[in-house]
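Structural overview
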Amino acid sequence: MITREAALEALHADDMSRGLAWAFQSACDQAFEDFARGTGYTALSAGVGRYDLLADRLDRIFSCGDFEVAEGMESVGLDVLYEGLTDQARRTMPVIKAGTVVRSNLHGSNGWALRGFRFITHSYRLGDVASIDWTHASKTLQAVSRQTPATFIPMTLLDEILDEEQRADLAAQDALPTVGMPTLVLVHALDRDTSERELAIGHSRYNEDSTVPWHWHEDLLGGPAPERSSRTVPYAPAPSQDAPDVSLRLRRSGAAEQAN
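Predicted model only: the values in this text are computed from it and were never measured.

1. Concerning the overall build of the chain
Of regular secondary structure, the chain possesses 7 helices and 6 strands. Classification of the 260 residues of the chain by burial places 42% in the buried group. Within the chain, contacts between residues separated by at least 24 positions form 71% of all contacts whose residues are at least 6 apart in sequence. Within the structure as shown, the chain displays about 14000 Å² of accessible surface, and the carbon and sulfur contribution to it stands at 52%.

2. Quick look at the sheet that holds strand E5 (residues 197-204)
Taken in spatial order, the 6 strands make up an open sheet running E1-E2-E3-E4-E5-E6, and their pairing is mixed. A strand with exactly one partner marks an edge of an open sheet, and here the two such strands are strand E1 (102-103) and strand E6 (214-219). Relative to strand E4 (residues 183-190), strand E3 (residues 117-123) is paired through 6 bridges, and the arrangement is parallel. Counted as the bridge partner of Phe-119 is Leu-184 from E4. Against the sheet, helix H2 (residues 16-34) contacts strand E2 (111-114), E3, E4 and E5, and its axis sits at roughly 135 degrees relative to E5.

3. Examining the packing of H2 against helix H3 (residues 43-62)
Following both chains from N to C, one finds H2 and H3 inclined at 140 degrees, their axes separated by 8 Å at the closest point. By the criterion of interaxial angle, the relationship of H2 to H3 is oblique. As H2 runs across H3, the sense of the crossing is right-handed. Of the residues in H3, those in contact with Met-16, Gly-19, Leu-20, Trp-22, Ala-23, Phe-24, Ser-26, Ala-27, Cys-28, Gln-30 and Ala-31 of H2 are Arg-50, Leu-53, Leu-54, Arg-57, Leu-58, Ile-61 and Phe-62. Looking at the contact of H2 with H3, its residues break down into 13 nonpolar, 3 polar and 2 charged.

4. Observations regarding the pattern of salt bridges
Scanning all chains against the criterion turns up 10 salt bridges. Put simply, Asp-56 and Arg-57 hold a salt bridge, and the shortest N to O gap is 2.7 Å. Residues Arg-205 and Asp-209 are paired through a salt bridge, measuring 2.7 Å at the closest nitrogen-oxygen approach. A relative accessible area of 40% places Asp-209 in the partly exposed class. Taken together, the shared-partner salt bridges connect Asp-56, Arg-57 and Arg-60 into one network.

5. Notes on the packing of helix H1 (residues 4-12) against H2
Two elements in contact, H1 and H2, have axes whose closest approach is 5 Å; the angle formed by their N-to-C orientations is 75 degrees. When the interaxial angle is binned, H1 and H2 end up roughly perpendicular. When H1 is examined against H2, the residues Ala-10, Leu-11 and His-12 are found in contact with a partner set consisting of Met-16, Ser-17 and Leu-20. Per-class residue counts for the contact of H1 with H2 are 4 nonpolar, 2 polar and no charged.

6. Digging into the nonpolar core
With 43 residues, the main nonpolar core has Leu-20, Leu-58, Phe-62, Trp-112, Phe-119, Leu-184 and Leu-186 as its most contacted residues. In terms of residue count, H2 provides more of this core than any other element does, 8 residues in total. Setting aside residues up to four positions removed in sequence, Leu-58 forms contacts with Leu-20, Ala-23, Trp-112, Phe-119, Thr-121 and Leu-186. Grouped together as the second largest cluster of nonpolar side chains are 17 residues, Ile-120, Ile-132, Leu-141 and Trp-214 included.

7. What about H3?
Counted at 1.5 Å a residue, the expected span for H3 with its 20 residues is 28 Å, and the 28 Å between its end C-alpha atoms agrees. Taken together, the buried residues of H3 touch H2, helix H4 (78-82), E1, E2, E3 and E4.

8. Quick notes on the pairing of E4
Where burial is concerned, most of E4 is hidden: 8 out of the 8 residues are buried. What you see with E4 is no split at all: Thr-183, Val-185, Val-187 and Ala-189 on one side and Leu-184, Leu-186, His-188 and Leu-190 on the other are buried throughout. Here E4 runs beside E5; their pairing, made up of 6 bridges, is antiparallel. Opposite Leu-186, over in E5, you have Ile-201 as the bridge partner. Turn length for the E4-E5 hairpin, with the two strands adjacent in sequence and antiparallel, is 6 residues, and the turn residue Ser-195 shows positive phi of about 70 degrees.

9. Here we look at the packing of aromatic side chains
One pass over the full model with this rule turns up 3 aromatic pairs. Arranged with centres 5.6 Å apart and planes meeting at 20 degrees, the rings of Trp-112 and Phe-119 form a pair that is stacked. One residue, Arg-146, lies across the ring of Tyr-206, its end atom 4.0 Å from the ring centre.

10. Describing unusual backbone geometry
A positive phi angle, near 65 degrees, is found at Asp-15, a position not held by glycine. Using a relative accessible area of 27% as the deciding quantity, one classes Asp-15 as partly exposed. One non-glycine residue with positive phi stands out, namely His-107, at about 50 degrees.

Quick notes on the rules
- Residues numbered from 1 in each chain as written.
- Predicted model: local features only at pLDDT ≥ 70, side-chain atom pairs only at ≥ 80, totals over all residues.
- Heavy atoms only, no water.
- Helix = DSSP H or I, 4+ residues; strand = E, 2+ residues; numbered from the N terminus.
- Buried < 20%, exposed > 50% of the residue type's maximum accessible area, 1.4 Å probe, protein only.
- Contact = heavy atoms within 4.5 Å.
- Areas by Shrake-Rupley, 256 points an atom, 1.4 Å probe, with all protein chains shown as cover.
- Pairing = 2+ DSSP bridges.
- Axes fitted to C-alpha atoms, helices over the stretch in contact; angles between N-to-C directions.
- Parallel < 35°, antiparallel > 145°, perpendicular 65-115°, else oblique.
- Left-handed = near helix turned anticlockwise from the far one by under 90°.
- Nonpolar A, V, L, I, M, F, W, Y, C, P; charged D, E, K, R; others polar.
- Salt bridge = Lys/Arg side-chain N within 4 Å of Asp/Glu carboxyl O.
- Core = buried A, V, L, I, M, F, W, Y, C linked by side-chain atoms within 4.5 Å.
- Expected span 1.5 Å × (residues − 1).
- Phe/Tyr/Trp six-rings, centres within 6.5 Å; stacked < 30°, edge-to-face > 60°.
- Lys NZ or Arg CZ within 6 Å of the ring centre and 35° of its normal.

Next up, the structure:
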């Protein structure tokens, strides 16, 4: 499993942690507007909506899915990238080089990978990050939480083989899916009434002993919110869909149009 130090080093490089925070804040702002309690949507509908919005924003910031960059290009057109975003989201969207992060879904869960590890997303009740019960989570989240912490003790090839076999046996006994790549969990919470929110990432711990749910986790909203991105944002809104600028519209056809 990846160490806390290695994970945080990767997340603090290339504006990654700021990108995660931007994606979450943008998704929450949109969800708070679209799925406010007064609109009639249930908590379930609001939760599903935020799940979809967060995946969309993460794909945008990391140039994945519908926002995957065509070969030979540096980014999709701004009309595609900014479509549906608020002015605030456009102004503060960090620039992260395409290919730095790739899609890496895990057994039906949205996932993204960078520098040898993956993260998947999970929502929880605001204020309960230290009391999440992974034993009642999905099979995928249970399997992720059973990953053991990294060890610095040198291992022989036989030790590694046996260790893999033991983990496979444990997964088979519990009918849990295999994880493969080291996987962290990006957890997020939003209060529909107050818009109060939380975002953290960490190495989840299978807490069948009813104790701590984390080997470690890191708050991602602790720093100051960016006032501006490093991308030049046109003063005028994105081009009209009625008369698109061909030089800007670079959305890939075919496979890129299919949802992940």
